[in-house]
Amino acid sequence: MSDSKCIILIDREGYMVTKTGHTEDFDMQAISALVAGSYAATREMARLLGEEEFSVLFHQGKRDSIQLTLVGDRTILATVFDERTTIGMVRLYAKEASQKLDKLFEDISQRDDDGSEHIGADFAKSAKDQLDAVFSD
Amino acid sequence: MQINFALKEVNCKIVYYGPGLSGKTTNLEVIHSKAPTTNRGELTSIATEGDRTLFFDFLPLNLGNVAGMKTKFQLYTVPGQVFYNSTRKLVLQGVDGVVFVADSRRGKLEENTESLENLKENMAEYGLTLQTTPFVIQYNKRDLEDIHTVEELDRALNTVNAPTVEASALTGEGVFPTLKKLAGMVLENLNRQQSSSVVRRRMLAKEPVAAGVKARAGEAAAAPSTPSAPSRPAGRAASEQPAVVKEHVASGVKPVERRVPPKGASGVKPRVTPRRENASGRPAASPAARDVAQGERPAAGSRAALYIVLTLVVLGGAAAALYYTGVLGKLLG
Ligand SMILES: Nc1nc2c(ncn2[C@@H]2O[C@H](COP(=O)(O)OP(=O)(O)O)[C@@H](O)[C@H]2O)c(=O)[nH]1
Ligand SMILES: [Mg+2]
């Protein structure tokens, strides 16, 4: 999109929602947790400074950089990019994408839950068996 | 809890809570070292040099495929020190189950009860209670000599009749039983909610507000360079904003959102919610919006510098944000 390496959509609670691009090298779960934590810390700073919210965060590295853009009030769009693209491009695209995603989430949330998708009734039982098998002393 | 039907994933968040040095980090270290490598991710710790948890420890666990869903647990610990309350609060956001790691040693009872009270308060801000959230108490350090009996600990700490597990995290004893007990409760809870079509609701709008931070924000507000701070008392967000109730179900990740009035505030007119302002319609005067126009140039200038300096003064815990950057950098290679 803007020649970035990868784009990750992260829930504010620290879960990855979806990703795209070259993400194989990265520990996505840890990154998601840290991004959410980082975002929460920044939000706290904003509050103390009397800002509503910092809607964009940017960490610059030697090779790779990461930019975080808020989508709605629940999701964070993280863009990892290197020197092949510029912050300006990333900002521009991320802002646009964030607005589109926010709209999309809004639309989805209007839709009624038809209940077509559910976790199976035996889920907890199977999961607990698995727990015993995997985490035995 | 995140149920992502698009990715066929179930994610649960488990938080290890308790006073400083009770053994929370040690629990995660044991799990990390003993769990099969295929089932665990990396243990990420953000600690100070003195080895104390500054922000949180994070360990993802993968249970594998369960009834067609990739099932994962994300384990977090919180820093025990009293002054990191804002961090504890943010880690609790969206929590599905809590392990309270109590220090069994004599002389630690008060620290334990204080931490437990603090947990209750912080959960209440998200609309959660110990009675309705999967909760297990671990009596840790049972290997030591000068410790309270289980009965004494029960009387002082276990007011909600939670399951308890005796442990010695140092030797690893009781660590997996604690995790399995809680994980089982979380999974049952999930099943109950699903089968009765009661979907997960979540209080999100309430901002974490730390008592300690409040006081210090007041100090900063007195500084001449922060004209905006005095107009925004720390407790405002929690008291005036309507709570946002969210549900996360069906067709991929589907955040459904409803607004309900805050508790006991029926007469209060809900403020315009920040949702839209933040995402798109933010006033052009905001620093972030201006930066977009500036293209290549990173956020700089005196205002940004002021923010950074102030931040360090105002919020002890905010130093963690800098640690984050370092850790993120490492993860990204
Ligand atoms: N004797 C003993 N020491 C423990 C036990 N669990 C933890 N410790 C020690 O207590 C100290 C603090 O543990 P840590 O996990 O960092 O505590 P946290 O602040 O709750 O994360 C460390 O020196 C641990 O080795 C235990 O069961 N028995
Ligand atoms: Mg610790």
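Residues numbered from 1 in each chain as written. Chains lettered and ligands numbered in written order. Predicted model: local features only at pLDDT ≥ 70, side-chain atom pairs only at ≥ 80, totals over all residues. Heavy atoms only, no water.

Participant: Sorry if this is basic, but what is going on with the overall build of chain B here?
Facilitator: Helix and strand content of chain B: 11 helices and 11 strands. Per-residue burial for chain B yields a buried fraction of 54% across its 333 residues. Counted over contacts in chain B with a minimum sequence separation of 6, partners at least 24 positions apart contribute 68%. Total accessible area computed for chain B in this model is approximately 14200 Å², and 55% of it derives from carbon and sulfur atoms. (Helix = DSSP H or I, 4+ residues; strand = E, 2+ residues; numbered from the N terminus. Buried < 20%, exposed > 50% of the residue type's maximum accessible area, 1.4 Å probe, protein only. Contact = heavy atoms within 4.5 Å. Areas by Shrake-Rupley, 256 points an atom, 1.4 Å probe, with all protein chains shown as cover.)

Participant: Help me understand the site of ligand 1 in this model?
Facilitator: All names here are of chain B. Lining the immediate environment of ligand 1, one finds 15 residues, of which Leu 21, Lys 24, Thr 25, Thr 26 and Asp 143 sit closest. Isolated, ligand 1 exposes 580 Å² of accessible area, and the fraction of that covered by the protein chains is 77%. Broken down by element, the residue count for the shell around ligand 1 peaks at three residues, all from helix α1 (residues 24-34). By residue class, the composition of the shell around ligand 1 is five nonpolar, seven polar and three charged. (Near = heavy atom within 4 Å. Nonpolar A, V, L, I, M, F, W, Y, C, P; charged D, E, K, R; others polar.)

Participant: Looking at this structure, I do not really get the packing of aromatic side chains. What am I missing?
Facilitator: For any pair of aromatic rings, geometry is given as the distance between the ring centres together with the angle between the planes. What the rule picks out here adds up to three aromatic pairs over all chains. Between A:Phe58 and A:Phe81 the ring centres are 6.1 Å apart and the planes differ by 15 degrees, which places this aromatic pair in the stacked class. Separated by 23 residues along the polypeptide, A:Phe58 in strand β3 (residues 56-59) and A:Phe81 in strand β5 (residues 75-81) bring together distant segments of the chain. The burial state of A:Phe58 is the same as that of A:Phe81; both residues are buried. Aromatic side chains B:Phe58 and B:Tyr76 sit 5.0 Å apart centroid to centroid with 55 degrees between the ring planes, which places their arrangement in the tilted category. Taken together, the positions of B:Phe58 in strand β4 (residues 53-66) and B:Tyr76 in strand β5 (residues 69-77) put the pair 18 residues apart, joining distant regions of the chain. No difference in accessibility class separates B:Phe58 from B:Tyr76, as the two residues are buried. Here the aromatic residues B:Phe56, B:Phe58 and B:Tyr76 are joined through ring pairs into a cluster of three or more. Sitting over the ring of A:Phe58, A:Arg91 keeps its end group 5.8 Å from the ring centre. (Phe/Tyr/Trp six-rings, centres within 6.5 Å; stacked < 30°, edge-to-face > 60°. Lys NZ or Arg CZ within 6 Å of the ring centre and 35° of its normal.)

Participant: I keep staring at unusual backbone geometry and nothing clicks. Help me out?
Facilitator: Generally, phi is negative for residues other than glycine and the peptide bonds are trans, each holding for most cases. Residues and elements named next belong to chain B. Phi at Leu 21 is positive, roughly 65 degrees, even though this residue is not glycine. The topology assignment puts Leu 21 in the loop between β2 (9-17) and α1. Positive phi outside glycine occurs at Asn 161, with the angle close to 60 degrees. Since its relative accessible area comes to 70%, Asn 161 is described here as exposed.

Participant: Looking at this model, I keep getting lost on the pairing of β5(A). Mind explaining?
Facilitator: Moving residue by residue along a regular strand, the side chains alternate between the two faces of the sheet. Residue and element names in this part refer to chain A. For β5, a buried count of seven out of seven residues is recorded, marking the element as mostly surrounded by other parts of the structure. Burial along β5 is two-sided: Thr 75, Leu 77, Thr 79 and Phe 81 facing one way and Ile 76, Ala 78 and Val 80 facing the other are all buried. Sheet topology note: the strand β4 (residues 65-71)/β5 ladder contains seven bridges and is antiparallel. Each residue of the ladder has a partner; that of Thr 69, found in β5, is Leu 77. Connecting β4 to the antiparallel partner β5 that follows it, the hairpin turn spans three residues, and Gly 72 within it adopts a positive phi of roughly 60 degrees. (Pairing = 2+ DSSP bridges.)

Participant: How should I be thinking about the pattern of salt bridges in this particular structure?
Facilitator: Opposite charge on two side chains permits pairing when their charged atoms draw close. Residue and element names in this part refer to chain B. For the coordinates displayed, the defined rule picks out 14 salt bridges over all chains. One salt bridge connects Asp 103 with Arg 105, and the closest N-O pair in it is separated by 2.9 Å. On the basis of relative accessible area, Asp 103 is assigned to the buried category, the value being 2%. The partly exposed category is assigned to Arg 105, whose relative accessible area is 28%. Salt bridges sharing common partners tie together Asp 103, Arg 105 and Lys 141. (Salt bridge = Lys/Arg side-chain N within 4 Å of Asp/Glu carboxyl O.)

Participant: I keep staring at the packing of helix α3 (residues 109-125) of chain B against helix α4 (residues 150-157) of chain B and nothing clicks. Help me out?
Facilitator: Packed helices, taken two at a time, are described by their axes: the angle between them and the distance between them. Residue and element names in this part refer to chain B. Where α3 contacts α4, the axes come no closer than 10 Å and their chain directions differ by 35 degrees. In this structure, the crossing between α3 and α4 has a hand that is right-handed. Two secondary-structure elements touch here, α3 through Leu 109, Asn 112, Thr 113 and Leu 116 and α4 through Leu 153, Ala 156 and Leu 157. Here the residues of the contact of α3 with α4 are counted per class, giving five nonpolar, two polar and no charged. (Axes fitted to C-alpha atoms, helices over the stretch in contact; angles between N-to-C directions. Left-handed = near helix turned anticlockwise from the far one by under 90°.)

Participant: It is not clear to me how the pairing of β3(A) should be interpreted in this structure. Could you clarify?
Facilitator: Residues and elements named next belong to chain A. Across four bridges, β3 lies against β4 in antiparallel orientation. Looking at the pairing, Phe 58 lines up with Gln 67 of β4. Between β3 and β4, which pair antiparallel one after the other, the connecting turn spans five residues.

Participant: I would appreciate a short explanation of helix α3 (residues 123-134) of chain A in the present structure.
Facilitator: Residue and element names in this part refer to chain A. If you check α3, its first and last C-alpha atoms are 16 Å apart, about what 12 residues at 1.5 Å a residue would give, namely 16 Å. Along α3, the residues that are buried comprise Phe 123, Ala 124, Ala 127, Leu 131 and Val 134. Relative to the axis of α3, the buried residues are bounded by an arc of 95 degrees and lie together on one face. In this structure, α3 carries Lys 125 and Ala 133 as exposed residues pointing more than 90 degrees from its buried face. (Expected span 1.5 Å × (residues − 1). Arc of directions from axis to C-beta.)

Participant: Mind showing me how you'd approach the nonpolar core here?
Facilitator: Inside soluble globular proteins, nonpolar side chains tend to come together where they are buried. Counting residues in hydrophobic clusters, the biggest one holds 37 residues, and the most contacted among them are B:Tyr16, B:Ile31, B:Phe73 and B:Leu75. Elements that contribute at least two residues to this core include exactly α3 of chain A together with β2, α1, β4, β5, β6 (97-103) and α5 (175-195) of chain B. At eight residues, α5(B) tops the list of elements feeding residues into this core. Residues contacting B:Ile31, with those up to four places away along its chain left out, are B:Tyr16, B:Leu59, B:Leu61, B:Leu75, B:Val175, B:Phe176 and B:Leu179. Residues B:Phe56, B:Tyr126, B:Phe135 and B:Leu157 belong to the second largest nonpolar core, which totals 33 residues. (Core = buried A, V, L, I, M, F, W, Y, C linked by side-chain atoms within 4.5 Å.)

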